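# Working through the structure, step by step
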Amino acid sequence: MTSQPTTDLNGDVLRPGDPDYDAARAVFNAMIDRKPLAILRCRQAADVARGIAFARENDLALSVRGGGHNVAGNAVCDGGIMLDLSPMKDLRVDPDHLRAHAGPGLLLGDLDRATQHHGLAVPLGVMSKTGIAGLTLGGGLGWLNGRYGLACDNLVGAEVVTADADVLHVSEDEHADLLWGLRGGGGNFGVVTSFTYQLHPVGPVYAGALTYPWAMAADALRFHDQFMARAPDELVTAVSIALDLSGVPQVSIGVCWCGHPDEGLNVLRPLRAFGPPVHDTIAPMPYVALQSAPDAGFPLGWLHYWKSGYLRHLTDAATDTLLEIAAAMPPGSSGIGMQGLRGAASRVAVDATAFPHRATQYDFLILAQWADRDDSPRNIAWARDSFTAMEPHLEHAVYVNNLGTEGPDRIRAAYGPNYPKLAEIKYRYDPANTFRLNQNVSPVSQ
Ligand SMILES: Cc1cc2nc3c(=O)[nH]c(=O)nc-3n(C[C@H](O)[C@H](O)[C@H](O)COP(=O)(O)OP(=O)(O)OC[C@H]3O[C@@H](n4cnc5c(N)ncnc54)[C@H](O)[C@@H]3O)c2cc1C
């Protein structure tokens, strides 16, 4: 803190010592333990504007919390102002125009439930407790990406409070440069107080998981990779490797077919026949059931350390390394994930949105999570060593929403060739870098 605040921060404010302060400053990743000077619980754009003006006037750090799920924990700051957007849960679904207008405090499950009421959905992520805000602004990769693209591809408008505390209405017709930046450029340009999404008809889906014993892991991974190279856009898969109850790794292939269920039955037949798997849970199900299926595997209050990149080619050498790092996984609940990015999401031009990773590939994630702080060194070492081993097989690129605090080179790798354009937009909307507690783009004048 550099100086005493010169004005009062009115409204719904929590300060150290207030009963709800500790709960409000907690984020999903329990590694993060920061203490803001004040937490402003925002209910409308005017609250956000007031918080931004106050932070700037008093030269205080400013952090922005949507769902609080980001592993880097930038939603909360030490000694500054935390804008808590979680009370902003306004939601209006307009089935006639296929639009949803959604507040930044909503979680995926909130939006999915409301849109599915009309047989519609926004392509989001795969876990219902994640916040829509950070997920969308970083990209948003989920089960519908092959058919309908990423969450950011379906962001058609937004209300944004800028660093000057102005409220802008952003669309293809107004501030189109800003809309481009919001589609993958993270929270660099302002605070989004409302998201407008394109909706699509979805559900029920044909989904579930195929599980293979460790002895079949290499063959299952190869078969799946070759099978998906020819699969229709409606099919998206996510591979995960985790320890079973006896501490032996197993491979699980999660699938979601979002076309007609009968067609999914035929398309998936070869994949289900391979092996065969020891468990096959694939069945028609409501989309919201699929979206909440992984929730229990990621309890609140656990510690997280992630390392990530994109895997484009599952070569034999990459498979061998993958099996080696999986076999060294510490006991507990960690895992390795390979979430498919494909179809519609892969065909968008690299410069059409800020999200640059447009190719058929896996979002490859080494996800260490554990409950006991004493286990931190072992889990962090495993994630780091595993990433070092896998790095030669990965692209020089990373999904911004998987990044921890990893330095400027990794941030550049997250924005890729779109970094220079993002830096110009940043200069236009936030030249003083008020919004810097994020995977930060430095403002650059043209
Ligand atoms: C268990 C788990 C599962 C996940 N699964 C997926 C998945 O399937 N697909 C996927 O794509 N991602 C997934 N993610 C990653 C997820 O996209 C990011 O963690 C994302 O940042 C979460 O958004 P949030 O609003 O909850 O995060 P927060 O921590 O609240 O916000 C993250 C950052 O976004 C910015 N921000 C947030 N809200 C706003 C706003 N309204 N205006 C401007 N900036 C804002 C801020 O810079 C903030 O620091 C998952 C994460 C977890 C923990």
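With that settled, consider the packing of aromatic side chains. In total, this model carries 6 aromatic pairs according to the counting rule given. The interplanar angle of 10° and the centroid separation of 6.0 Å between the aromatic rings of Phe-195 and Tyr-197 together place this pair among those described as stacked. According to the relative accessible area criterion, Tyr-197 is buried, its value standing at 0%. With a centroid separation of 6.3 Å and 50° between ring planes, the pair formed by Tyr-415 and Tyr-419 is classed as tilted. Judged by relative accessible area, Tyr-415 falls into the buried class, the value being 1%. Among the aromatic residues, ring-to-ring pairing joins Tyr-212, Phe-223, Phe-227 and Phe-274 into one connected group.

Turning our attention to the sheet that holds strand S10 (residues 191-198). Spatially, the 5 strands line up as an open sheet ordered S5-S6-S10-S8-S9, and their pairing is antiparallel. Edge positions in the open sheet fall to strand S5 (91-94) and strand S9 (167-171), since each of these has one partner strand only. Going from strand to strand, the sheet's axes swing by 10° on average, the running direction of each strand aside. Along the sheet, helix H2 (residues 45-57) makes contact with strand S8 (155-161), S9 and S10, crossing S8 at roughly 50°.

Across its 15 residues, helix H12 (residues 376-390) extends 21 Å between first and last C-alpha, which sits within 8% of the 21 Å expected from 1.5 Å per residue. The complete set of buried residues in H12 reads Ser-376, Asn-379, Ile-380, Trp-382, Ala-383, Ser-386, Phe-387 and Met-390. Within H12, the buried residues cover an arc of 155° as seen down the axis, which keeps them to one side. Exposed and oriented more than 90 degrees from the buried face of H12 are Pro-377, Asp-385 and Thr-388. Elements in contact with the buried residues of H12: strand S17 (303-311), helix H10 (316-327), strand S18 (335-341), strand S19 (361-370) and helix H13 (408-415).

Right, let's talk about the pairing of S17 for a bit. Counting buried positions along S17 gives 9 out of 9 residues, so the element sits mostly inside the fold. Side chains Leu-303, Tyr-305, Lys-307, Gly-309 and Leu-311 of S17 all project onto a buried face; the interleaved residues His-304, Trp-306, Ser-308 and Tyr-310 project onto the opposite face, where all are buried too. Pairing between S17 and S19: 9 bridges, direction antiparallel. The residue of S19 that forms the bridge with Tyr-305 is Ala-368.

Rules behind the numbers
Residues numbered from 1 in each chain as written. Predicted model: local features only at pLDDT ≥ 70, side-chain atom pairs only at ≥ 80, totals over all residues. Heavy atoms only, no water. Phe/Tyr/Trp six-rings, centres within 6.5 Å; stacked < 30°, edge-to-face > 60°. Buried < 20%, exposed > 50% of the residue type's maximum accessible area, 1.4 Å probe, protein only. Pairing = 2+ DSSP bridges. Helix = DSSP H or I, 4+ residues; strand = E, 2+ residues; numbered from the N terminus. Axes fitted to C-alpha atoms, helices over the stretch in contact; angles between N-to-C directions. Contact = heavy atoms within 4.5 Å. Expected span 1.5 Å × (residues − 1). Arc of directions from axis to C-beta.

Treat this as a map of the structure, not an account of what it does.
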